Amino acid sequence: MSSKSEISSAVMQTYNRFPITATKGKDSFLWDESGKKYLDYTSGIATCNLGHVPDNVQQAISVQLEELWHCSNLYHIPSQEKLASMLTEYSCLDQVFFCNSGAEANEAAIKIAKKYAKDKGYHDRIEIVTFEQSFHGRTGSTMAATAQEKIHQGFTPLTKGFRYLPFNNKGSLSEIDNGKTSAVLLEVIQGEGGIHIADKDWLKQLSAICKDADILLIIDEIQTGIGRTGSLFAYEPYGIEPDVITVAKGLGSGFPIGAMLAKQHVAASFSPGTHGSTFGGNPIAATAGTATLKEIIKDGFLKNCNEVQDELFTQLKLIKEISPLIKDIRGKGYLIGIEVTNQASTWIEKLRDKQILVLPAGEKVVRILPPLTTTKEELQMCIQALKEVALELEEVTNG
Ligand SMILES: *Cc1c(COP(=O)(O)O)cnc(C)c1O
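Residues numbered from 1 in each chain as written. Predicted model: local features only at pLDDT ≥ 70, side-chain atom pairs only at ≥ 80, totals over all residues. Heavy atoms only, no water.

**Q** Please explain the UniProt feature "modified residue: N6-(pyridoxal phosphate)lysine" (unreviewed entry) in the protein chain as it appears in this structure.
**A** If you check UniProt for "modified residue: N6-(pyridoxal phosphate)lysine" (unreviewed entry), the listed places come out as Lys 249 in our numbering. Within the secondary structure layout, Lys 249 lies in the loop between β11 (244-247) and β12 (258-262). Lys 249 has contacts with Ile 45, Ala 46, Thr 47, Glu 192, Ile 222 and Gln 223, leaving out every residue within four places of it along the chain. (UniProt positions renumbered as here; feature names shortened; annotations may be inferred. Helix = DSSP H or I, 4+ residues; strand = E, 2+ residues; numbered from the N terminus. Contact = heavy atoms within 4.5 Å.)

**Q** How should the layout of surface pockets be read in this particular structure?
**A** The computed volume of the second largest pocket comes to approximately 730 Å³. Lining the second largest pocket are 26 residues, with Gln 80, Val 96, Phe 97, Phe 98 and Phe 270 positioned closest to its centre. Within the residue set of the lining of the second largest pocket, elements represented by two or more residues are α3 (78-89), β4 (95-99) and β12. Here the element with the most residues in the lining of the second largest pocket is β4; it accounts for four residues. Across the lining of the second largest pocket, the residue classes tally to 13 nonpolar, 11 polar and two charged. (1 Å grid on protein atoms, 1.4 Å probe; cavity = no way out; pocket = protein on both sides within 12 Å on 5 of 7 lines; lining within 4 Å. Points joined across faces, edges and corners; volume = space filled by probe spheres on them. Nonpolar A, V, L, I, M, F, W, Y, C, P; charged D, E, K, R; others polar.)

**Q** It is not clear to me how the side chain of His 136 should be interpreted in this structure. Could you clarify?
**A** Looking at the element boundaries, His 136 is found in the loop between β5 (127-131) and α5 (140-145). The buried category is assigned to His 136, whose relative accessible area is 2%. When residues no more than four places from it in sequence are discounted, the contact partners of His 136 are Ala 103, Asn 106, Thr 130, Thr 142, Ala 145, Thr 146, Leu 185, Leu 186, Glu 187 and Asp 220. (Buried < 20%, exposed > 50% of the residue type's maximum accessible area, 1.4 Å probe, protein only.)

**Q** What should I look at first to understand the UniProt feature "binding site: N(2)-acetyl-L-ornithine" (unreviewed entry) in the protein chain in this one?
**A** Following the UniProt record, the feature "binding site: N(2)-acetyl-L-ornithine" (unreviewed entry) maps to Arg 138 and Ser 277 here. Residues from the named set that contribute to the lining of the second largest pocket are Ser 277. Tracing the chain through its elements places Arg 138 in the loop between β5 and α5. Residue classification places Arg 138 among the exposed positions, given a relative accessible area of 59%. Not counting residues up to four positions away in its chain, the partners in contact with Arg 138 are Ala 103, Met 143 and Ile 151. Within the element layout of this structure, Ser 277 appears in the loop between α9 (264-267) and α10 (283-296). Taking the relative accessible area as the measure of exposure, Ser 277 reaches 17% and is therefore buried. Setting aside residues up to four positions removed in sequence, Ser 277 forms contacts with Asn 73, Phe 97, Phe 98, Cys 99, Asn 100 and Glu 104.

Shown next as structure tokens:
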């Protein structure tokens, strides 16, 4: 038995935290309790897409805070209706279910896929296909949907009904329509799994196979969505129309909100009583969502951030030329992975010493997630620090 005095924190140790106590954020910067200022290129894990405490979202929430915080989905909620119409206007989907996180959005997608198969009388379709290196969440079903051994360890028996196939693999395509598949769930750019981009032809073929067999195509846009990869949703440049997408992270600028969007014929499978969430799309969360989305869909917003981003990519490629420790630079928009030959954590620590915050995606990939509002000057700070770290680490290797 341990005594309370031996426990270092009353918070469960589910995260290896940076040695930083965060107390304040504004735009691209984060301050610790001693007042030290960091360039925050983690964006709260692809969440604060407009930077910390963006003015328009802050103002919108403040007004809502005076009016109504919560009433539950027993009532009509104007900001929720507004957010749903914006999300459907700017995507190929027709209706929205609101929840509070990414995992919950994927749980909703998994449930609707099961229900859709039942409603259509596809009684043998009891499997959902997901892909190796994927990440779909930490709850029971979403952990099982995540095809990564390390996520499953210690948590068997897993929820049944998932089948894993290799990502970007031609052979996988012929294995999808086996009579048992109700849906295919994937990220078009795998985030946590190491920044792997779906091949365009492969995804187009996959989409066509799904359409032909009435297998639902579910795109997990939780990390890639809300402008992160240069378009509002990452599926857009592929020229496909998914049946379902899930979003969360960037949607509320840091206020917790998740959503599952579906085409009308699929959405019809969720009738009253089939699914729900007490907090889902509550007035404050929905207000944070509408205010965030309004900024991102503004004329020129994404165009401008793509121009700034192009320069980042060019400069990162130049660093790769001079550093043998960098194996690959990949990603899209502001979801960028630098694959290194040593441990990603050594780069992350050294960058942190230079007051630049970035995060890992697996052991070998340094993930850079600037806010979409970052400036050229800030990007230059990050580039400069990366150059220095590349040289310092090379000296260590050679020395
Ligand atoms: C973060 C993430 C999730 C889980 O979201 P939570 O809000 O942490 O539950 C699911 N899928 C992807 C692609 C993610 O990046």
